[in-house]
Amino acid sequence: MCKETFLRLPEEKRNRFLEAAWEEFTRVKFADVSINQIVRRAGVPRGSFYQYFADKEDLFTYLVSMSRERFAQGFHATVEEAHGDLFAAMLSCFDRFQRRESEEPLVDRAIQLLHINLGMDMRKMMLHPSMDTLLERIWSQLDLKKFARQDPDYIRQAVMLLLLVLAAAIMDSLACPERADEYRKRLQEQLEMVRCGIGHRPCAAEA
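Residues numbered from 1 in each chain as written. Predicted model: local features only at pLDDT ≥ 70, side-chain atom pairs only at ≥ 80, totals over all residues. Heavy atoms only, no water.

Caption draft 1: Local environment of the packing of helix α2 (residues 11–25) against helix α3 (residues 35–42). Across the interface, α2 lies against α3 with an axial gap of 8 Å and an inter-helix angle of 140°. As the angle between them shows, α2 and α3 are arranged oblique. Pair α2 / α3 crosses with right-handed handedness. Where α2 abuts α3, its residues Arg16, Phe17, Ala20, Ala21, Glu23, Glu24 and Phe25 lie against Gln37, Ile38, Arg41 and Ala42. (Axes fitted to C-alpha atoms, helices over the stretch in contact; angles between N-to-C directions. Helix = DSSP H or I, 4+ residues; strand = E, 2+ residues; numbered from the N terminus. Parallel < 35°, antiparallel > 145°, perpendicular 65-115°, else oblique. Left-handed = near helix turned anticlockwise from the far one by under 90°. Contact = heavy atoms within 4.5 Å.)

Caption draft 2: Spotlight on α2. Here α2 is 15 residues long and its end C-alpha atoms lie 21 Å apart, about the 21 Å a rise of 1.5 Å per residue gives. By the burial criterion, the buried members of α2 are Arg14, Phe17, Leu18, Ala20, Ala21, Trp22, Glu24 and Phe25. Looking at the packing, one finds that the buried side of α2 touches α1 (4–7), α3, α4 (46–52), α5 (56–81) and α7 (105–116). (Expected span 1.5 Å × (residues − 1). Buried < 20%, exposed > 50% of the residue type's maximum accessible area, 1.4 Å probe, protein only.)

Caption draft 3: Quick look at the packing of aromatic side chains. For the structure shown, the criterion picks out 15 aromatic pairs. Note on Phe17 and Tyr52: the rings are 5.4 Å apart at their centroids and 85° apart in plane angle, and the pair reads as edge-to-face. In this pair, Phe17 sits in helix α2 while Tyr52 sits in helix α4, placing the two residues 35 residues apart along the sequence. An identical accessibility class is assigned to Phe17 and Tyr52; each is buried. Judged by centre distance (5.8 Å) and plane angle (40°), the ring pair of Phe25 and Phe60 falls under tilted. (Phe/Tyr/Trp six-rings, centres within 6.5 Å; stacked < 30°, edge-to-face > 60°.)

Caption draft 4: Fine view of the pattern of salt bridges. On inspection of all chains with the given rule, the structure shows 14 salt bridges. The partner of Glu19 in a salt bridge is Arg109, with the nearest N and O atoms 2.4 Å apart. With Glu19 in helix α2 and Arg109 in helix α7, this residue pair connects regions lying 90 residues apart in the sequence. A relative accessible area of 22% places Arg109 in the partly exposed class. The closest approach of N and O atoms between Lys146 and Asp85, which form a salt bridge, is 3.6 Å. Linking Lys146 in the loop between α9 (132–138) and α10 (152–175) with Asp85 in the loop between α5 and α6 (86–99), this pair joins segments that are 61 residues apart in sequence. Judged by its relative accessible area of 28%, Lys146 falls in the partly exposed class. (Salt bridge = Lys/Arg side-chain N within 4 Å of Asp/Glu carboxyl O.)

Caption draft 5: Spotlight on the environment of Asp55. Tracing the backbone through its elements, the reader meets Asp55 in the loop between α4 and α5. Given a relative accessible area of 31%, Asp55 falls into the partly exposed group. The sequence separation of Asp55 and Ile35 amounts to 20 residues, and the corresponding C-alpha distance is 8.5 Å. Of the polar contacts made by the side chain of Asp55, one reaches the backbone nitrogen of Asp58; its length is 2.8 Å. (Polar contact = N/O pair within 3.5 Å; in protein donor to acceptor, adjacent residues only side chain to side chain.)

So yeah, pure geometry; function would need other evidence.
Take a look at the structure:
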């Protein structure tokens, strides 16, 4: 992550540096990202880079954390709109992703970052330990009657499991956009499998 020196920068200079970083990381694959290009665009000496971040991996982690925070904010709103139905919220997240329902550059850049680096494991991005705070954010919105148990650890595991399913569907749709409808149908089936269980007993009708 970033060093304290970066956080102490004036906001305008910090934003200019991040703008340059996003431009480079969404231009080429991670392996081809050039620190020289970043500092040139940002208008800072190369030595300043290492006062802000240890290396480009460190900077990449910071950019990902920005994306993860934005996802958490959006997911909280989606759960609220779904009236606490976590399963419906997952499908809604996929649909919004496909429609790109956002005017925020950060969302578009995160999508571009993933598209350029299709081999990247999005699950690691979404299931970072900091995502535990996601459960805290959405807890009051969740319809706990949808779950077999209501204790926090059980709900946490359920949320992370569903995020894994969602992440796989999103990554597949990035790799093959023309098959997005197919991946949506598969996501819907997988969500139903999780909701009902995969044992031999039929899913009980919801009240």
